[in-house]
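# Architecture at a glance
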Amino acid sequence: KFFDLIRGSGEYSIEAWIIPENVTQGENDNNPARIITYAGSAEDRNFALGQYEYNYSFLNRTDKSDGNGLAELHTADADERLQATLQHVVVTFDQTNGRRIYVNGEYTEDEEVAENQGAALKDWDPDYALAIGNEVGGVTGQWQGSIRFVGIHKRAMSLADIKANYKVGVGAKYLLLFNISSLIGTPNSFVVFEVQQFDDYGYLFANPFFTNLDGTAISTDIPLKGIRIGINGEEASTGQVFANLNTNINSSEMVNGRQSLSTLGTVVELKGGPDQDQFFITFDQLGSNTYTRAVPAVPPAAEPADIVGQPLIGIHTFAEINASLSYLTGVPPTNPAVAATYLKVQQQLPTLANLDGFLAAQQMGITQLAVAYCNALVGTSTAPNSYFVGFNFAASASTAFDTTGRSQIIEPLLQRLLAHEVGLAGGGTAKLNNQADPTLLRSELNNLITKMTACGGGCASDRTLTAVKATCSAAFGSAVMLVH
């Protein structure tokens, strides 16, 4: 079917909502981890959407490619488009534009490789298989992550269509109808919920409304109070936000054949899955029918739990990290480059203060944000800088970082991190017992500068700026900023 429809149109799109497990998988651009592949083996395919590290990869077999779909089109390394969070990715092909990649409703502007421009679909094999999460045969190419949605389209989607689908989000919505005809005495009367599977653990019930499929008017008020959702023979123990509903059914309230009952939504626990779970609803009152609900017994108060002592230290969360970096650098969070980076990595940053929940992927996000702030702070060699007083940004790397120059960079960073020696009333300085050791920090930052400037007189002209930005990022993106 894919072969007939796509070869017939000469163009296609692959659309997916995915959550990559990490940003380290995939060997390289010629051997990415396979998210979706239409192939016969690890080296023969019609198309593939894959991942290697922070990049999306798109292989497509044409009259100008080899049997593996190479040369590959991928997102730019520096853009780091792929992140370990829920993302909407679309790849398209048509003979006019070639291949294109879109992430979260935006065209990545990665241009088709020159040797594949003007290509047409050719030599596709109708016997190849569609596989998700691994290469056909499963020997190589395993992809780690979650897939929420996959769509294959027999046309190249427009940017407007892609933006619209991204805005709608992931997950099919269904209208779930509950027949109340016998309770109100009017045939073909229903209470309807918009329902979708929210995630692996629950269903989303939202926007209930009343409708009559025959268009029969209801001229007198029919009381409706207290709707509760049931699943597999019992009312759900949580999520009963419609229990306080108190309204009347009346055709005078109908708009386009519907009378809205509530604009709220709630999540009900998934039991056996969409193929097995059965739903019902109950009412405190519907018309002349009432149900007196027994007041649940209040269990006796439990003995206070003897909770093991909790740690006195934790880590900053995403908003705190952003605010801390802004305070440390003096760069406002509204700075365009900083704001764009924060929006990109926000969901990758820590959401809890628990040290045990810290992940390596979160440190990557912190590093990216610290680099953005330090880039904005340092600026260019021609911009005056009152932060690193006296440092000669215009000097070459081989001369700028003498003993004085290093001190002019390192000391302001340590002072703002509160990782500096504290002055004593009687003279001299001392280190606090619970602060990072300034001596060790100076040593680490000095070693970094030494490595960054090891090229000596052969360093690039911008190496001085780069070394300052790297030192700033290493200091402000470290545990000294993160731990509190």
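In this report, the structure presented in the accompanying data block is examined. (Residues numbered from 1 in each chain as written. Predicted model: local features only at pLDDT ≥ 70, side-chain atom pairs only at ≥ 80, totals over all residues. Heavy atoms only, no water.)

### A closer look at the packing of aromatic side chains
Our working rule: Between rings of Phe, Tyr and Trp, where Trp is taken as its six-membered ring, a pair exists when centres lie within 6.5 Å; planes separated by under 30 degrees are stacked, by over 60 edge-to-face, and by other angles tilted. To qualify as a helix, a DSSP run of H or I must reach at least 4 residues; to qualify as a strand, a run of E must reach at least 2; elements of each kind are numbered from the N terminus. Cation placement over rings: the criterion is NZ of Lys or CZ of Arg within 6 Å of the ring centroid and within 35° of the ring normal.
One pass over the structure, following the stated rule, counts 19 aromatic pairs. Aromatic side chains F193 and F205 sit 5.6 Å apart centroid to centroid with 70 degrees between the ring planes, which places their arrangement in the edge-to-face category. With a gap of twelve residues between them, F193 in strand 12 (residues 189-197) and F205 in strand 13 (residues 202-212) connect regions that are remote in the sequence. Consider the rings of Y203 and F279, whose centres lie 5.1 Å apart with planes at 90 degrees: the pair is edge-to-face. Note that Y203 is positioned in strand 13 and F279 in strand 19 (residues 279-286), a separation of 76 residues in sequence. Members of the aromatic cluster, connected to one another through ring pairs, are F2, Y12, Y38, F47, F58, F93 and W124. Positioned over the ring face of Y107 is R100, at 4.7 Å from the centre of the ring. Above the ring of F209, the side-chain terminus of R258 is found at 4.1 Å from the ring centroid.

### Describing the state of the cysteines
Every disulfide links exactly two cysteines, by a covalent bond between their sulfur atoms. Applied cut-off: Disulfide: a pair of cysteine sulfur atoms within 2.5 Å of each other.
Evaluation of the coordinates by the stated rule reveals two disulfides. Covalent S-S linkage joins C374 and C472, the inter-sulfur distance amounting to 2.0 Å. Between C374 and C472 the disulfide shows an S-S torsion of about -75 degrees. By sign, it is left-handed. Here C374 is found in helix 6 (residues 360-378), whereas its partner C472 is found in helix 10 (residues 463-476), with 98 residues between them in sequence.

### Here we look at the pattern of salt bridges
Pairing between side chains of opposite charge can happen when the charged atoms of each approach one another. The cut-off we apply is this: Just to be clear on terms, a salt bridge is a Lys or Arg side-chain nitrogen sitting within 4 Å of an Asp or Glu carboxyl oxygen. Residue burial is assigned from relative accessible area. The probe radius is 1.4 Å, only protein chains are included, and a residue is buried under 20% of its type maximum, exposed over 50%, and partly exposed in between.
For the structure shown, the criterion picks out twelve salt bridges. Taking the shortest distance from any N to any O, the salt bridge between E135 and R45 comes out at 2.8 Å. Separated by 90 residues along the polypeptide, E135 in the loop between strand 9 (129-132) and strand 10 (145-153) and R45 in strand 3 (residues 44-52) bring together distant segments of the chain. Residue class for E135 comes out buried when judged on its relative accessible area of 3%. According to the relative accessible area criterion, R45 is buried, its value standing at 0%. Between K271 and E269 there is a salt bridge, with the nearest N and O atoms lying 3.5 Å from each other. Relative accessible area serves as the criterion here: at 42%, K271 is assigned to the partly exposed category. Each of the salt bridges in this network shares a partner with another, and the network as a whole consists of R228, E235, D284 and R293.

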